[in-house]
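Geometric and topological summary
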Amino acid sequence: LKINNLFLTGNERTKSSVIEDELQHVYKAHEFQDVIERLHQANDRLNDMKIFENMSISLVPAKSGLKNETDLKIQVEEKKIFEVKVSTETTTDFEANRNGGKYV
């Protein structure tokens, strides 16, 4: 079994090469069971990066139509980027004295 094409969707911030690097050992597999096992390993490594909320990996019929080839479809949903805004407010002694010694 030969993986012919990779169709990758959903990676807006993550470079395709990051995902493709984790698939290199999959391309070297020749038997169906070996491909499946290596895809599970690649899936685990990609999940360990903790940059994806969801990921789907599918083998789809090759566009070539050859039975010994398959295409690989990977769809990812990247985790949201958290934005933290911090603001501080200070009161001077002058302001406290103006307000009867109380900070407001």
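Now for a quick tour of the structure. What you see as residue numbers is a count from 1 along each chain, following the sequence as written. Only residues with pLDDT of 70 or above have their local features reported here, since the model is predicted, and side-chain atom pairs are shown and tallied only from 80 upward, although totals for entire chains, interfaces and linings are computed over all residues. As a rule here, side-chain values cover all heavy atoms of the structure and leave hydrogens and water aside.

1. Observations regarding the pairing of strand β3 (residues 69-78)
Formally: The buried label applies to any residue whose accessible area, calculated with a 1.4 Å probe on protein chains only, is under 20% of its type's maximum; exposed applies above 50%, and partly exposed to all values in between. Strands are runs of DSSP state E lasting at least 2 residues, helices are runs of H or I lasting at least 4, and numbering of each runs from the N terminus. When DSSP finds at least two bridges between two strands, those strands are taken to pair.
Burial analysis of β3 places 7 of its 10 residues in the buried class, the great majority of the element. By the bridge criterion, 6 bridges tie strand β1 (residues 2-9) to β3 in an arrangement that is parallel. Bridge assignment links Ile3 to a residue of β3, and that residue is Thr70. Note that strand β2 (residues 52-61) and β3 share 9 bridges and pair antiparallel. Along β3, the bridge assignment pairs Met55 with Val76.

2. What about the nonpolar core?
Short version of the rule: The term nonpolar core refers to a set of buried residues drawn from Ala, Val, Leu, Ile, Met, Phe, Trp, Tyr and Cys, joined through side-chain atoms within 4.5 Å. Here, two residues are considered to be in contact whenever any of their heavy atoms come within 4.5 Å of each other.
Ranked by size, the top nonpolar core spans 15 residues in total, and within it Ile19, Leu23, Val26 and Ile74 carry the most contacts. For this core, the secondary structure elements donating two or more residues are β1, α1 (16-27), α2 (32-48), β2 and β3. When neighbours within four sequence positions are excluded, Ile74 is seen to be in contact with Leu6, Phe7, Leu8, Thr9, Ile19, Leu23, Met55, Ser56 and Ile57.

3. Quick notes on the sheet that holds β1
Put simply, the test is: Whenever a helix is involved, its axis is fitted only over the stretch in contact; in every case the axis is a line through C-alpha atoms, and angles between N-to-C directions fall within 0 to 180 degrees.
Here 3 strands make up an open sheet; going across it, the order is β1-β3-β2 and the pairing mixed. Every interior strand has two partners, whereas the edge strands, β1 and β2, have only one. Between one strand axis and the next, the sheet turns by 20° as a mean value, whatever way the strands run. Contacting β1, β2 and β3, α1 crosses the sheet at an angle of about 160° to β1. Docked against the sheet, α2 engages β1, β2 and β3, running at close to 165° with respect to β2.

4. A look at unusual backbone geometry
Here the phi dihedral of Lys50 falls at roughly 60°; this positive angle occurs in a residue that is not glycine. Along the chain, the position of Lys50 falls in the loop between α2 and β2. In this structure Lys50 comes out as exposed when scored by relative accessible area, which is 59%.

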